[in-house]
Amino acid sequence: MTRDASEISLLAEALSALERGFDGLPAHAVPLDTTAVRGALLAAAERLRDNYPYQHPLYVGQMLKPPHPVARLAYALAMWINPNNHALDGGRASSAMEKEAVAEIARMVGWEQFLGHLTSGGTVANLEALWVAGRLHPGSTIVASTQAHYTHQRISGVLGLTFETIPCDWRGRLDPAALERRLEAGGVGTVVATIGTTATGSVDPLPAILELRERFGFRLHADAAYGGYFGLAANLSAETRRSYARLREVDSIVIDPHKHGLQPYGCGCVLFHDPAVGRFYKHDSPYTYFSSTDLHLGEISLECSRPGAAAVALWATQRLLPLVADGEFARGLAAGRKAALALYERVKGDRRFVTAAPPELDILVWAPRAARVSEASARARKLFEEAARRHLHLALAELPVEFFDLGRMDQDRPTLTCLRSVLMKPEHREWADRIWGILDQAAG
């Protein structure tokens, strides 16, 4: 039986069990014109062929990772009733499953007492965290590194909050000395620490930032949308491990299950260490919250209608793959990081390339060597195209020249267009040699 046929068989069995459970009510099926439905699905499948092979190990470009089969099946199963995780009467079971799944993520960080929920993604999750920060420190400035996700500046603008950037060190991490100078000038209410930057996967030095918090008393938000799960991985560097060991000391955290959590896109998570911030969410909706005096998820979130199916998929995945340090899920994270380190060593040892710092997580950046930065940037674009012709799909990024070991290269421009690889699939560990072989040919 093929993989797809196996999934269809499992889904049919689960749907049968679901339909038997509605208080003895008979199943209600909407009549379908199977010929028309088949035509629509085949047309959609044909359109979907206009994509890169995101699910394949030779796709090492953007942060795209296929959901686990149990997540796909659980999501489809929940869509049969289409629960809405806003009010309990719109999603009784899925709301309870969301609370349980989010509690497991909080325990992974080290929190037993917290306030948190799922969101449609990291942007909305970060919006909620900065919204609370703005309510707690009105009129103060929010700061993040120059390599923090661009949405922090955009969100601050939406919320009417002042935002400033702090320089990075050569590894793409927030520079504590530069942060200290800005803090001494006054007016900073919140610092955003990025735990896994989008471009390079760099982890801001949390111990140094926490030391500054002791002196200056700011609120500390951790944007761990990409790197949040890596505290489970066994093969982090000692320095990176120290940052994860102290993640529990921040005030709020954002983690995206739809990145490394094996979920379909549309699943983010925001956590607050102090449950008392729930007071900012209070609102009146007597026509919505009427079925129970228990906490409705809409009472602690800014979003209204949210897919209960996302919670069901996450709950089922974590039931199969618990968030524990010695489990299969953690080994998958370590495998991706091992692949990134292996590819980094191959690239670094080849005189045709220049590299940046070693990967902290599972992302690496590099560029072809040339006489000038502008020439190296042009060669990077060419190599990107040549690799794609050989079915190896990379990404491009524009990064400061200070991030790279350029040697005597003429720095005729301040940024370098480089190649970027995200080796976030566990299969990348076995495919690292083949990826290098194709890259070697394309560079030749």
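As a reminder, the structure under discussion sits directly above these lines.
Worth saying up front: this structure is predicted, and the values here are computed from it rather than measured.

A.B. asks: For this particular structure, what's the right way to read the overall build of the protein?
C.D. replies: Broken down by element type, the protein carries 13 helices and eleven strands. Whereas a compact globule of 444 residues would reach a radius of gyration of roughly 22 Å, the protein reaches 23 Å, a difference of no more than 12%. By its C-alpha atoms, the protein is 75 × 55 × 40 Å across when sized along the principal axes. Out of the 444 residues in the protein, the part that is buried amounts to 51%. Considering only residue pairs separated by 6 or more positions, the protein has 73% of its internal contacts joining residues 24 or more positions apart.

A.B. asks: Would you mind showing me how to read the nonpolar core here?
C.D. replies: Most often, soluble globular proteins keep nonpolar side chains buried together rather than apart. Ile105, Leu179, Val191, Leu220, Leu247 and Ile253 are the most contacted members of the largest nonpolar core, which has 56 residues in total. In terms of residue count, the dominant contributor to this core is helix α4 (residues 92–109) (seven residues). With sequence-adjacent residues up to four places away left out, Leu179 is seen in contact with Val143, Ile166, Leu174, Val191, Ile209 and Leu212. One finds Val347, Leu383, Leu419 and Trp436 within the second-largest nonpolar core, a separate group that totals 22 residues.

A.B. asks: Could you clarify how one ought to interpret the sheet that holds strand β3 (residues 162–166) in this entry?
C.D. replies: Strands pair in a sheet through their backbones, by hydrogen bonds, and they do so in one of two ways: parallel or antiparallel. Read from one edge to the other, the open sheet built from seven strands follows the order β1-β7-β6-β5-β4-β2-β3, with strand pairing classed as mixed. Single-partner strands in this sheet number two, and they are β1 (115–119) and β3. Here the strands of the sheet are splayed against their neighbours by 20° on average, with no regard to which way each runs. In this structure, strand β2 (residues 141–145) lies alongside β3, joined through five bridges in parallel fashion. Bridged to Ile142 within β3 is Phe163. Relative to the sheet, helix α8 (residues 206–216) contacts β4 (188–194) and β5 (219–223), its axis offset from that of β5 by approximately 160°.

A.B. asks: I'm lost on the environment of Leu314 in this one. Help?
C.D. replies: With respect to the helices and strands, the residue Leu314 is situated in helix α10 (residues 308–320). For Leu314, the contacting residues outside a window of four places in its chain are Ala101, Ile105, Leu118, Pro257, Gln263 and Cys267.

A.B. asks: Just checking my understanding: could you explain the sheet that holds strand β8 (residues 353–355) for this structure?
C.D. replies: With antiparallel pairing, the four strands of this open sheet are ordered in space as β8-β9-β11-β10. The strands lining the two open edges of the sheet, one partner per strand, are β8 and β10 (395–400). When strand polarity is set aside, the average angle formed by the axes of neighbouring strands in this sheet is 45°. The sheet contact formed by β10 and strand β11 (residues 415–422) spans six bridges and is antiparallel. Counterpart to Leu399 in the pairing with β11 is Leu416.

A.B. asks: When you look at helix α7 (residues 176–185) in this model, what are you seeing that I'm missing?
C.D. replies: Inspection of α7 places Ala178, Leu179, Arg182 and Leu183 among the buried residues, and these make up the whole buried set. All buried residues of α7 project into a common sector of 140° when viewed along the axis, lining one side. Every exposed residue of α7 that faces more than 90 degrees away from the buried side is listed here: Arg181 and Glu184. Buried residues along α7 sit against β2, β3, β4 and α8. Where α7 begins, one side-chain oxygen reaches toward the backbone nitrogen of Ala177, 3.0 Å away; that side chain belongs to Asp175.

A.B. asks: Got a minute to help me understand the pattern of salt bridges in this structure?
C.D. replies: For side chains of opposite charge, pairing can occur when their charged atoms come near one another. Scanning all chains against the criterion turns up 21 salt bridges. Of the charged contacts in the structure, one is a salt bridge between Arg173 and Glu239, with a shortest N-O distance of 3.2 Å. Within this pair, whereas Arg173 is found in the loop between β3 and α7, its partner Glu239 is found in helix α9 (residues 238–245), the two being separated by 66 residues in sequence. Arg173 gets classed as buried once you look at its relative accessible area, which sits at 6%. For Glu239, a relative accessible area of 32% puts it in the partly exposed group. Among the charged side chains, a network of salt bridges with common partners joins Asp169, Arg171, Arg173 and Glu239.

A.B. asks: What am I meant to see in the state of the cysteines here?
C.D. replies: Defined simply, a disulfide is a covalent bond joining two cysteines at their sulfur atoms. In this structure the tally under the stated criterion is zero disulfides. Cysteine Cys269 shares no disulfide, and the gap to the nearest cysteine sulfur, in Cys267, comes to 7.7 Å. Accessibility expressed as a relative area gives 1% for Cys269, which makes it buried. Between Cys304, a cysteine without a disulfide, and Cys267, which holds the nearest cysteine sulfur, the sulfur-to-sulfur distance is 18 Å.

A.B. asks: What should I look at first to understand the packing of aromatic side chains in this one?
C.D. replies: Each aromatic ring pair is characterised by the separation of its centres together with the angle its planes make. Under the definition given, this model contains seven aromatic pairs. Relative to Trp436, the ring of Phe353 has its centre 6.3 Å away and its plane inclined at 70°; by these criteria the two rings are edge-to-face. One end of the pair, Phe353, is in strand β8; the other, Trp436, is in helix α13 (residues 428–443), and 83 residues separate them in sequence. In this structure an aromatic cluster arises from ring pairing among Tyr52, Tyr54 and Tyr59.

Scoring rules and cut-offs
- Residues numbered from 1 in each chain as written.
- Predicted model: local features only at pLDDT ≥ 70, side-chain atom pairs only at ≥ 80, totals over all residues.
- Heavy atoms only, no water.
- Helix = DSSP H or I, 4+ residues; strand = E, 2+ residues; numbered from the N terminus.
- Rg over C-alpha atoms; globule rule 2.2 N^0.38 Å.
- Buried < 20%, exposed > 50% of the residue type's maximum accessible area, 1.4 Å probe, protein only.
- Contact = heavy atoms within 4.5 Å.
- Core = buried A, V, L, I, M, F, W, Y, C linked by side-chain atoms within 4.5 Å.
- Pairing = 2+ DSSP bridges.
- Axes fitted to C-alpha atoms, helices over the stretch in contact; angles between N-to-C directions.
- Arc of directions from axis to C-beta.
- Polar contact = N/O pair within 3.5 Å; in protein donor to acceptor, adjacent residues only side chain to side chain.
- Salt bridge = Lys/Arg side-chain N within 4 Å of Asp/Glu carboxyl O.
- Disulfide = S-S within 2.5 Å.
- Phe/Tyr/Trp six-rings, centres within 6.5 Å; stacked < 30°, edge-to-face > 60°.

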